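# Structure assessment
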Amino acid sequence: MEFYSELRHLWQGYAKVSNGEQNRTTSLSSDEGMIDIATTGNMDERIIQDEIGTVQYSTDEIPGIGQYDDFHTIDWQRDIARDRMRHRYIVKKRSNSILDLVRGAHDAWSGWLCVLLVGLVTGMVAGIIDIGASWMSDLKYGLCPQAFWLNQEQCCWSFNETSVDDKGNCSQWMMWSELITNSRTGVGAYIISYMFFIAWALLFASLAAGLVRMFAPYACGSGIPEIKTILSGFIIRGYLGKWTLIIKSVGIMLSVSAGLSLGKEGPMVHIASCIGNILSYLFPKYGRNEAKKREILSAAAAAGVSVAFGAPIGGVLFSLEEVSYYFPLKTLWRSFFCALVAAFVLRSINPFGNEHSVLFYVEYNKPWVFIELVPFVGLGIIGGAIATVFIKANIWWCRYRKTSRLGQYPVTEVLVVTAITAVIAYPNPFTRMSTSQLIYLLFSQCGVSAADGLCNYDNSPDDPGVYTAVWLLVLALLFKLITTIFTFGMKVPCGLFIPSLCLGGIVGRIVGIGMQQLAVAYPHIFIFATECASGEDCITPGLYAMVGAAAVLGGVTRMTVSLVVIMFELTGGVRYIVPLMAAAMASKWVGDALGKQGIYDAHINLNGYPFLDSKEEFAHTSLAADVMQPKRNEPLSVLTQDSMTVEDVTQLLKETEHNGFPVVVSRESQYLVGFVLRRDLSLAIENARRTVEGVQTDSLVLFSSNPSQPLGPGSSPPLKLKKILDMAPITITDQTPMETVVDMFRKLGLRQTLVTHHGRLLGVITKKDVLRYIKQIDNEDPNSVLFN
């Protein structure tokens, strides 16, 4: 009933405005002797608050009203109500003139236009990043003298090279050793190539770390934990700004090219969200409303995954399952459209240089044997265990970095890790190549062209080539696991999708080779009797690599549905959905059993962001009175509706750091009138002192229409601030179960709720109070929640 009453009063307030109250000015009322902070400008820019206290916004009334400070939580209900009132007004005016009709049409399709632009720009930026990273990665090995701007593959194509050796090199592509000594082989050539490999890696890493430190500190890391927090309603100024976009785009190319154990796919979500945030300011409907802006950011996150993997459907599901907090049906449609446009643009640019828009397209299409579900589930269990080891080790190292002197030398750390990575990686052919190339190799089927020792064996038992391949893969697995633990979280742009896929791909390939050798050695046992008795190779090791990759990535991120869709879009292996599903579920179960959180949620907790996970359950039997601040019989900072002066209010603002203040009838009665935000109160008083004559320190501050006591002769006229007062705040009683309170914070997106008893105000519960209480009852440090 309260909801419908609120809507009725919203409409009444709108009707008053549309009947001619559209040009009110800041004035001194001579008959009542009161200063009224009223509204100026036309109705297209503002909404008037009615007598019941409907949430309002008024962009021209006081600069900054309705906005939020850095590291604060937004009020979803207020922002959504503002947008509904704005929309009703535009619909009402459409019949007035052709211009108003055009404005109404523009407002209706501005959301689609915005996500269209986001998709177009995201696709173009992703194409540039893919091309740049590919060229710089090949620069560590050699150069194309005839056209230095071409990478190795393009160099061979451009000159119609037909003779390519077994390492993938062609005569037009010159190794650094060949440019200096005219030789590709020998000890001297190996040492020169080794030194150039290390030197280029250090150069790229130092540039990436230096750019991040000097121009955009927010450009480091993956960005997905912060994107999740921002989409839940948190403000981080500058995190989605233009400098972050530029430095993150350049930095991820440099980081990947340095050969560090990281990927560019996670940061693409951050880059796309930056693009969505910047373009949303072209449309005031989204740029001036934080809740509406998050609809664009959700669509942008889908576009980021779409261009990262060539997986538009998986991108939409990733945005829905993993990062978005508020995902209405229209956002689903727009996310789908945005991901589609971004994938189309990237396909048109064709950075991979083939007919496929996916990253690791698999050529084979062999059926899998039913009994193989057992090793597939086993890969899921192994993947969940590896993911848990990685998460715990990485969080431990990141916490040590924050609390030790190591955190004071971020560039030095990057250079040391890069040097160690390059020195150890070069001797092993599996770690020398880029991580994306290694994943493609692991997913591939052994064919005519055996590459880098992975397929240099026949299917006869006891072939020494098998042991060589497995030994090199085991070394690569240990190397990738250890280096990824120390790399993720450094002060360079770094993603986790590709390293996780690589770890799982290596494990899966090892298991696949083992199953293949088992089928060759014992083709007539009951497990392989039907499919393998004919002598054909019935086991596909590349399929095991795919399943293992999905298992580790699922264990690290805790994704399920979106992971499976991304994997079959990533590889084109639609036939293998069931093995991927089995491994993803087993991995999630094992991961949840061994560790409560995925890597992104763990980093959110590590950084102290106020993220209230909508997927977790609150099963504790406590009441609102146990959590509210202050506790019973302690003083509560409040404003009275008509008995405080400007000086009293200013002093309260200086003495407290609360984000808002309840307004009561009087300190004696403590009956609730409404709630006013600290920012709005400060801006209103500053604006009144600057623009209105007669405001003095002894002027009464009124949150009601008229003072309860008549003004004395010669007294300063009161300052009326009723229009910034929310007269319909969300309230609960002190006996409300905390389970209900937590659900209200999650589903309504509350910033705070007021606690009353028989109508009298007792205290306030903020989102931070809820998070601290949850940590306290889970035996964790409640002070780890750092931000308001």
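Residues numbered from 1 in each chain as written. Predicted model: local features only at pLDDT ≥ 70, side-chain atom pairs only at ≥ 80, totals over all residues. Heavy atoms only, no water.

### Focus: the overall build of the protein chain
Scanning the protein chain from terminus to terminus reveals 29 helices and 13 strands. Taking all 788 residues of the protein chain together, 56% fall into the buried category. The contacts of the protein chain with a sequence gap of at least 6 include a subset with a gap of at least 24, amounting to 73%. (Helix = DSSP H or I, 4+ residues; strand = E, 2+ residues; numbered from the N terminus. Buried < 20%, exposed > 50% of the residue type's maximum accessible area, 1.4 Å probe, protein only. Contact = heavy atoms within 4.5 Å.)

### Some thoughts on the state of the cysteines
Inspection of the entire model under this criterion finds 0 disulfides. The thiol of cysteine 338 is not disulfide-bonded; the next cysteine sulfur, from cysteine 114, is found 8.5 Å away. We classify cysteine 338 as buried; its relative accessible area is 0%. For the unlinked cysteine cysteine 398, the closest cysteine sulfur is that of cysteine 494, found at 8.7 Å. (Disulfide = S-S within 2.5 Å.)

### Points about the environment of arginine 334
Position of arginine 334 among the secondary structure elements: in helix 13 (residues 329-349). Separated by 34 residues in the primary sequence, arginine 334 and alanine 300 have C-alpha atoms spaced 9.5 Å apart. For arginine 334, the residues in contact, after removing those within four places along its chain, are Ala108, Gly111, Trp112, Val115, Tyr286, Glu295 and Ala299. Within polar-contact distance, the side chain of arginine 334 engages the side chain of tyrosine 286 at 3.0 Å. (Polar contact = N/O pair within 3.5 Å; in protein donor to acceptor, adjacent residues only side chain to side chain.)

### Quick word on the side chain of serine 704
Considering the arrangement of structural elements, one finds serine 704 in the loop between strand 9 (700-702) and strand 10 (719-720). Judged by relative accessible area, serine 704 falls into the buried class, the value being 11%. Ignoring sequence-local partners within four residues, the contact set of serine 704 consists of Gln641, Asp642, Lys720 and Lys722.

### Concerning the packing of helix 6 (residues 187-215) against helix 8 (residues 242-257)
Look at helix 6 against helix 8: their axes get within 8 Å of each other, and the N-to-C directions meet at 160°. Taken as axis vectors, helix 6 and helix 8 run roughly antiparallel relative to one another. The element helix 6 and its partner helix 8 pack so that their crossing is left-handed. Where helix 6 abuts helix 8, its residues Phe204, Leu207, Ala208, Leu211, Val212 and Phe215 lie against Trp243, Ile247, Val250, Gly251, Leu254, Ser255 and Ser257. A per-class count over the contact of helix 6 with helix 8 returns 10 nonpolar, 3 polar and no charged. (Axes fitted to C-alpha atoms, helices over the stretch in contact; angles between N-to-C directions. Parallel < 35°, antiparallel > 145°, perpendicular 65-115°, else oblique. Left-handed = near helix turned anticlockwise from the far one by under 90°. Nonpolar A, V, L, I, M, F, W, Y, C, P; charged D, E, K, R; others polar.)

### Re the sheet that holds strand 7 (residues 660-664)
Taken in spatial order, the 3 strands of this open sheet run 5-7-8, and their pairing is mixed. Every interior strand has two partners, whereas the edge strands, strand 5 (639-640) and strand 8 (672-677), have only one. Taken strand by strand, helix 27 (residues 678-691) contacts strand 5, strand 7 and strand 8, and its axis lies near 80° from that of strand 8. (Pairing = 2+ DSSP bridges.)

### Side note on the pattern of salt bridges
Per the stated rule, a full pass over the model turns up 22 salt bridges. Where arginine 103 meets aspartate 100, a salt bridge forms, and the shortest distance between an N and an O atom there is 3.6 Å. Here aspartate 100 and arginine 103 lie together in helix 3 (residues 98-139), a separation of 3 residues that amounts to about one turn. Taking the relative accessible area as the measure of exposure, arginine 103 reaches 41% and is therefore partly exposed. Overall, the relative accessible area of 10% leaves aspartate 100 in the buried class. Each of Asp83, Arg86, Asp107, Lys292, Glu295 and Arg334 takes part in a single network of salt bridges with overlapping partners. (Salt bridge = Lys/Arg side-chain N within 4 Å of Asp/Glu carboxyl O.)

### A short note on the sheet that holds strand 13 (residues 760-766)
Read from one edge of the open sheet, 3 strands run 11-12-13, paired in mixed fashion. Looking at the sheet topology across the chains shown, the edges are occupied by strand 11 (731-733) and strand 13. Neighbour to neighbour, the strand axes of the sheet diverge by 35° on average, direction disregarded. Bridge count between strand 11 and strand 12 (residues 752-757): 3 bridges; the pairing is parallel. The residue bridging threonine 733 from the neighbouring strand is threonine 756, located in strand 12. Its contacts with the sheet put helix 28 (residues 738-748) on strand 11, strand 12 and strand 13, and the angle it makes with strand 13 is roughly 60°.

### Quick notes on helix 24 (residues 599-607)
Each α-helix winds once per 3.6 residues, and so residues spaced three or four apart point in a common direction. Most of helix 24 sits out of view: 8 of its 9 residues are buried. Regarding helix 24, the residues found buried are Ile599, Tyr600, Asp601, Ala602, His603, Ile604, Leu606 and Asn607. Of the surrounding secondary structure, the elements contacted by the buried residues of helix 24 are helix 7 (224-231), helix 12 (312-323), helix 14 (373-403), helix 19 (497-521) and helix 21 (541-557). Backbone geometry just after helix 24 places glycine 608 at a positive phi near 75°.

### With respect to the nonpolar core
In this structure, Phe309, Phe318, Phe390, Phe443, Leu501, Met567 and Ile765 are the most contacted members of the largest nonpolar core, which totals 151 residues. Ranked by the residues each element gives to this core, the list is headed by helix 21, at 11 residues. The contact partners of phenylalanine 390, leaving out residues within four places of it in the chain, are Leu481, Thr484, Ile485, Phe488, Leu496, Val556 and Ile599. In terms of nonpolar packing, the next biggest core, distinct from the first, is built from 24 residues, Leu639, Phe661, Val692 and Ile724 among them. (Core = buried A, V, L, I, M, F, W, Y, C linked by side-chain atoms within 4.5 Å.)

### Here's the deal with unusual backbone geometry
Excluding glycine, residues mostly have negative phi values, and the peptide bonds linking residues are mostly trans. Residue proline 630 is reached from glutamine 629 by a cis peptide bond, and omega for that bond is -10°. Structurally, proline 630 can be placed in the loop between helix 25 (624-627) and strand 5. The residue arginine 558 is not glycine, and still its phi comes out positive at about 65°. Inspection of the secondary structure assignment puts arginine 558 in the loop between helix 21 and helix 22 (561-571).

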